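Given next are the chains, with one letter for each unit.
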Amino acid sequence: MNKYRSHYCNNLRKKDVGSKVLLAGWINKKRDHGNLLFIDLRDNYGITQCIIDKENSNFSSLEKIQLETVVKVEGEVINRSNETINKEIATGEIEVKIQKFEVLGVCKELPMPIFSDQEYSEEIRLKYRFLDLRRKKIHENIILRSKVISFIRNEMYNYGFLEFQTPILTSSSPEGARDFLVPSRLNPGKFYALPQAPQQFKQLIMVSGFDKYFQIAPCFRDEDARADRSPGEFYQLDLEMSFVEQEDIFEVVEKMLINTFKKFSNKKLMYDKFPKISYADAMMKYGTDKPDLRNPLLINDITEIFLRKDVSFEIFKKLVKKGFNVRCIVTQNTKDRPRSFFDNIDKWAKDQGASGLAYFTIEKEAQIQAKGPIGKFFSEEALAEIMKKTKAKVGDSIFMACNNQKELEKITSLAREKIAKDLGLINENIFAFCWIVDYPMFEKNEQTNKIEFSHNPFSMPQGDLKKINFDNPLDILAYQYDIVCNGVELSSGAIRNHKPELMYKLFSIAGYTSQQVDEKFSGMINALSYGAPPHGGIAPGIDRIVMLLADEKNIREVTMFPMNQNAQDLMMNAPSEVNENQLKELSLSLKLKK
RNA sequence: GGGGGUGUAGCUCAGUUGGUUAGAGCGAUCGCCUGUCACGCGAUAGGUCGAGGGUUCGAGUCCCUUCACUCCCGCCA
């Protein structure tokens, strides 16, 4: 028999009554009745109540022991009387009468309680992560994460994918996020970069003829953190397939995601087949390319209304003449909402840096009229036109903003979320997936006025490749797609451009010479000229998938050892200073800003 | 880089208009308690009110600066 335990802390049941057992674990909770002591012993699997009374010579030493001390307990499984059965725990019908015990690991006074539903500051949680991870919810989240990854890995094998590792020390890439750099000792003055994603490697794997690849890949990007974005590193289910079109990828990924979400969550899927929304449509209807489809509110453009003579809302009319647009959100049957509801939203919009949201409610007495601060500026005919355009009905309210397209998208997208939240329109018990498709290949940088790749520069442009009009690069769409779930961007992918000539052409539009392309992407561009198969892929974010499944709002709740917002590991003290010798070996010297 | 929030005992928090010796619960220590499962009861210890400066007779409270954590914007092909 094992020296430490004969059973786990969730094993024992009524049938074990009478048997002698060895349990080992942490002292989760003590209830000391003076001459009788209850101890809840906890391990990874569960909790068993152990009991000892004054008759036993070990009583007084066990009575003094700290919570979270690791002990080994030897005793007999005994029955609990009916009134003392605890239905909350699986082992609640029995308890272990302690005969002997031994301390295996002492515990100092705790900086934070383990057995408690209290919330603690992130600082203390991250510094003592090993204690934090003992707590029930996060312990379960991490176990869920393991199971999800294992399940996904198994699914991918079943679909015929092979798992390969790719290098962690690689080269810096000019596109995308800021790189993490690693100085090279053997090549003074030169640096490796940690991969932002195994993008080029997975394409090279396709060129190497492996057909279907996946990897639970660590990705490193030196960008600032958000609640749903770890600083530093995160994991993607990176995958790539040869001889495929967009639809082939959709089929595999949809199947994988649906199976995973059905297995690990009780929430319903809003769509069993993910709807496809073009990037342009998404930006119009939702103001963002990561729409939360649980939210029923839609955005409408009503710029034309403000060209009418029977509309006299001069502030908007002037802006419209200058080329601005007006977009609006209709809320159903809100005519009886208190004035504070409308004013709160207007005030909120101003806090967001917008000039506020104008609003009115459509009512009907003798005739249809707009009620609210700006209602009087609209004629009955103009209102009819608005109602036609927005499908608004009597009793509905309309919130409007006027601005340039980019600002409009921003504020209406935020307003859509805010208003839906205020009205309680979002069903939290649903997962609403969708594909966002038809991303533009290029976009114009507002500041520099230069044409840039809007997403992945290795994407394949859409349409007949012989007939693409490179004179209007902003009109070129790419086979580029994202998966969005409940407003969270879960993955993005593309059919890749496997034709070197076309690649040079596209890069030249973004301002790169062929020489620069050869230099920056030497591995790949070279490979593409030795018989590259058409291929494509996608990379769903593992952390965010687990976050959705665990119903957490913060990615650190599903990450075992996360860094804080300033990209520091408070437990391991990273990053840290290094000594002179280490710097010298790397031919580095520091020039710190004061 | 910018904006918001928070910072009071080991932990979670309260602290009024600026006014005596800064409080509670949990935890810790000590004592009582044989059926609890958030056990109960009593006592004790524990504080640079994040830090620095200012206003004031007097600052946890008001002002300025700064630090830490967090949320957001920028950034994230």
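Check the entry above for the structure.
Residues numbered from 1 in each chain as written. Chains lettered and ligands numbered in written order. Predicted model: local features only at pLDDT ≥ 70, side-chain atom pairs only at ≥ 80, totals over all residues. Heavy atoms only, no water.

## A closer look at the nonpolar core
Okay, step 1: By size, the foremost hydrophobic cluster in this structure holds 67 residues, and its most contacted members are Phe261 and Phe433.
Okay, step 2: Formed by 25 residues, the second largest nonpolar core is a distinct cluster that contains Ile302, Phe316, Val320 and Ala358. (Core = buried A, V, L, I, M, F, W, Y, C linked by side-chain atoms within 4.5 Å. Buried < 20%, exposed > 50% of the residue type's maximum accessible area, 1.4 Å probe, protein only.)

## Thoughts on the pairing of strand β22 (residues 480-485)
Along any regular strand the residues' side chains alternate between the sheet's two faces.
Okay, step 1: Extensive coverage of β22 is indicated by the burial of six of its six residues.
Okay, step 2: Across the two faces of β22 the burial is the same, with Gln480, Asp482 and Val484 and Tyr481, Ile483 and Cys485 all buried.
Okay, step 3: Pairing analysis gives four bridges linking strand β19 (residues 433-437) to β22, with the strands arranged antiparallel. Pairing of isoleucine 436 across the sheet is with aspartate 482, part of β22. (Helix = DSSP H or I, 4+ residues; strand = E, 2+ residues; numbered from the N terminus. Pairing = 2+ DSSP bridges.)

## What to know about the pairing of strand β5 (residues 94-105)
Okay, step 1: Here two bridges tie strand β3 (residues 47-53) to β5, and the two strands are oriented parallel to one another. Residue pairing in the sheet places cysteine 50 in a bridge with valine 96 of β5.

## With respect to unusual backbone geometry
Residues apart from glycine generally show negative phi values, whereas peptide bonds are mostly found in trans.
Okay, step 1: Residues alanine 574 and proline 575 are joined by a peptide bond in cis, for which omega reads -5 degrees.
Okay, step 2: Along the chain, proline 575 turns up in the loop between α15 (542-549) and α16 (580-585).
Okay, step 3: Positive phi is not limited to glycine here, since aspartate 211 has a value of about 70 degrees.
Okay, step 4: Along the chain, aspartate 211 turns up in the loop between α5 (199-207) and β9 (212-221).
Okay, step 5: The exposure class of aspartate 211 is partly exposed, given its relative accessible area of 29%.
Okay, step 6: Despite not being glycine, aspartate 438 has its phi angle at roughly 60 degrees, a positive value.
Okay, step 7: With respect to the element layout, aspartate 438 can be found in the loop between β19 and β20 (442-444).
Okay, step 8: For aspartate 438, a relative accessible area of 24% puts it in the partly exposed group.

## What to know about the packing of aromatic side chains
Okay, step 1: For the structure shown, the criterion picks out 31 aromatic pairs.
Okay, step 2: When the ring of phenylalanine 306 is compared with that of phenylalanine 316, the centres are 5.5 Å apart and the planes differ by 55 degrees; the resulting orientation is tilted. Separated by ten residues along the polypeptide, phenylalanine 306 in the loop between β13 (299-301) and α8 (314-321) and phenylalanine 316 in helix α8 bring together distant segments of the chain. Each member of the pair phenylalanine 306 and phenylalanine 316 is classed as buried.
Okay, step 3: Aromatic pair phenylalanine 342 and phenylalanine 399: ring centres 5.9 Å apart, planes at 25 degrees, arrangement stacked. In this pair, phenylalanine 342 sits in helix α9 (residues 339-351) while phenylalanine 399 sits in strand β17 (residues 397-403), placing the two residues 57 residues apart along the sequence. Take phenylalanine 342 and phenylalanine 399: they sit in the same class, and that class is buried.
Okay, step 4: Through pairs of rings, three or more aromatic residues link up here, namely Phe250, Phe261, Phe274, Phe431, Phe433, Trp435 and Tyr481.
Okay, step 5: It is lysine 263 that lies over the ring of phenylalanine 264; its NZ or CZ is 5.7 Å from the centre.
Okay, step 6: Across the ring face of phenylalanine 341, the terminal group of arginine 337 is positioned such that the distance to the ring centre comes to 5.6 Å. (Phe/Tyr/Trp six-rings, centres within 6.5 Å; stacked < 30°, edge-to-face > 60°. Lys NZ or Arg CZ within 6 Å of the ring centre and 35° of its normal.)

Any functional reading would require information that these geometric values do not contain.
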